Amino acid sequence: MEDQFIKIASLIGDPTRAAIMWTLLDGKAFTATELAITANTSPQNMSMHLAKLLDAGLLCVEKQGRHKYYRFSNKETAYAIEAMASLIPPAVSQKKNSEKHSSIKHCRTCYDHLAGKIGVAVAESLLEQKIILDSENKFEVSQEGVKWFSDFGINLEEIKKQRRLFLKPCLDWSERKNHIAGSLGASLLNKMIAEDWLRRTKDSRAIQITGKGEKELLKHFRIVV
């Protein structure tokens, strides 16, 4: 176990491979060329790094036509990368950032669920309303929560059938508090986007909150944007 941990840690610890993993937190699949541009390295060097990540089982690749697309092999890998970012010293993360970074901290995606200040606020609201319960840092839906999610338009029984974790806390790197991950977290984000509360931003993990979203976040989650 220790040897395997050291192997994984050394793989992720390389600057180029770390850049690859951070880019893939966007939730989309990328070609080797796109990742090479993002990591500021050559296509040949990128191929070597991708081969190592594939061999370790951290990434998977899908072929579509002439192109190959790389993504995380499972969602748990994405959660682990996001959690690692919480190790950044607060003094560093709280330094004055550009508008882009401020937007990322305010409201963003963490792979397939909502994160940032708004994502944490949603989790805290559901805990305060006892819609979800925190039992020794494990989230679960309460009896009242089953009805709440049904009224909200989310079928818990259906998403529980997905072959992945249903509900788990995910440590937010910018807020240092938990937001909601798992299939339930993904369903919440998808619902908010479908209802036009939130809108994705091109080429960024930042999420825009619409005027309708401001009203609905206040109504359902008591969040003042």
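Here, the structure is the one placed above.
In this text the structure is predicted, and so the values were computed from the model without any measurement. (Residues numbered from 1 in each chain as written. Predicted model: local features only at pLDDT ≥ 70, side-chain atom pairs only at ≥ 80, totals over all residues. Heavy atoms only, no water.)

Attention now moves to the pairing of strand β2 (residues 67–72). Here strand β1 (residues 59–64) pairs with β2 via six bridges, running antiparallel. Among the inter-strand pairings, V61 is bridged to a residue of β2, identified as Y70. Between the antiparallel neighbours β1 and β2 lie two residues, among them G65 with a positive phi of about 65 degrees. (Pairing = 2+ DSSP bridges. Helix = DSSP H or I, 4+ residues; strand = E, 2+ residues; numbered from the N terminus.)

Once that is clear, we can look at empty space enclosed by the protein. Remark: the empty space left among the atoms is shown by a probe the size of a water molecule rolled over them. A complete count under the given rule lists one cavity of 30 Å³ or more for this structure. By volume, the largest cavity amounts to about 50 Å³. Counting only elements with at least two residues in the lining of the largest cavity, the list comes to α8 (116–128) and α11 (182–194). Residues of the lining of the largest cavity, tallied by class, amount to four nonpolar, two polar and no charged. (1 Å grid on protein atoms, 1.4 Å probe; cavity = no way out; pocket = protein on both sides within 12 Å on 5 of 7 lines; lining within 4 Å. Points joined across faces, edges and corners; volume = space filled by probe spheres on them. Nonpolar A, V, L, I, M, F, W, Y, C, P; charged D, E, K, R; others polar.)

Along helix α2 (residues 15–24), the residues that are buried comprise T16, R17, I20, M21, T23 and L24. Buried residues of α2 fall within an arc of 160 degrees about the axis and therefore sit on the same side. Close packing links the buried residues of α2 with α1 (2–13), α3 (32–39), α4 (43–55), β1, β2 and α5 (75–84). The backbone nitrogen of T16 has a side-chain oxygen 3.0 Å away, supplied by the residue at the start of α2, namely D14. (Buried < 20%, exposed > 50% of the residue type's maximum accessible area, 1.4 Å probe, protein only. Arc of directions from axis to C-beta. Contact = heavy atoms within 4.5 Å. Polar contact = N/O pair within 3.5 Å; in protein donor to acceptor, adjacent residues only side chain to side chain.)

Here G145 is to be found in helix α9 (residues 143–152). For G145, a relative accessible area of 0% corresponds to the buried category. When the C-alpha positions of G145 and L133 are compared, they lie 9.1 Å apart, and in sequence the two are twelve residues distant.

A few words on the packing of aromatic side chains. All chains considered together, the criterion is met by seven aromatic pairs. Here the aromatic rings of F152 and F221 are separated by 6.0 Å at their centres, their planes lie at 80 degrees, and the arrangement is edge-to-face. Remark: F221 occurs in helix α12 (residues 211–221) and F152 occurs in helix α9; sequence separation between them is 69 residues. In terms of burial, F152 and F221 fall into one category: buried. In textbook terms, an aromatic cluster arises when at least three aromatic residues are bridged by ring pairs, as seen for W148, F149, F152, W197 and F221. The positively charged end of K160 is found above the aromatic ring belonging to F166, 5.2 Å away from the centroid. Cation over ring: R205 sits above W22, and NZ or CZ is 5.2 Å from the ring centre. (Phe/Tyr/Trp six-rings, centres within 6.5 Å; stacked < 30°, edge-to-face > 60°. Lys NZ or Arg CZ within 6 Å of the ring centre and 35° of its normal.)

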